[in-house]
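Survey of secondary and tertiary structure
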Amino acid sequence: MIRSDSELNRLVRQLVAVGAVFLFTNHAVDRMVERRIVEADILNVLRGGWCDETCTEQDARGRVTYRITTNRLYVVIRQLVEPEPDRILIITVVRIGRR
């Protein structure tokens, strides 16, 4: 598990830089269409966004989700672990404010 906010931010940027595989839940795809958000927008959030302890949650199964935020959007993700640690699951995307 990620130990600090800076570790998470560094890991996400590193995964994006090396070409991690992004998987999208059906919910995320639906929200992208509804909110007119494209994959490039999500990559920009992952490259330049931030996460702190207030945006990390663990569910009953022990899976941890992270909310990566910019001034315009936030993306909720979960890093998939062994055997595929280079994959990021996009759970949902939200536009902040008006467009």
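Residues numbered from 1 in each chain as written. Predicted model: local features only at pLDDT ≥ 70, side-chain atom pairs only at ≥ 80, totals over all residues. Heavy atoms only, no water.

This paragraph deals with the environment of Val64. Inspection of the secondary structure puts Val64 in strand β3 (residues 64-69). In sequence terms Val64 and Arg78 are 14 residues apart; their C-alpha atoms lie 6.3 Å from each other. (Helix = DSSP H or I, 4+ residues; strand = E, 2+ residues; numbered from the N terminus.)

So, about the confidence of the model for the protein. Segments scoring low in pLDDT should not have their predicted coordinates read at a detailed level. Averaged over every residue, the pLDDT of the protein is 84; the share at 70 or more is 85%. For the protein, strand β2 (residues 56-58) is the element with the lowest average pLDDT, namely 79, and helix α2 (residues 26-35) is the one with the highest, namely 96. (pLDDT = per-residue confidence, 0-100.)

A separate point is the sheet that holds strand β1 (residues 21-24). Strand order in the open sheet made by the five strands is β1-β5-β4-β3-β2, with mixed pairing throughout. Sheet topology places β1 and β2 at the edges, where each strand pairs with a single neighbour. Here the strands of the sheet are splayed against their neighbours by 30 degrees on average, with no regard to which way each runs. Where β1 and strand β5 (residues 87-95) come together, four bridges link them in parallel fashion. Its bridge partner being in β5, Leu23 is matched across the sheet by Leu89. (Pairing = 2+ DSSP bridges. Axes fitted to C-alpha atoms, helices over the stretch in contact; angles between N-to-C directions.)

Looking now at the side chain of Arg31. Along the chain, the position of Arg31 falls in helix α2. For Arg31, a relative accessible area of 18% translates into the label buried. Residues contacting Arg31, with those up to four places away along its chain left out, are Thr92 and Val93. (Buried < 20%, exposed > 50% of the residue type's maximum accessible area, 1.4 Å probe, protein only. Contact = heavy atoms within 4.5 Å.)

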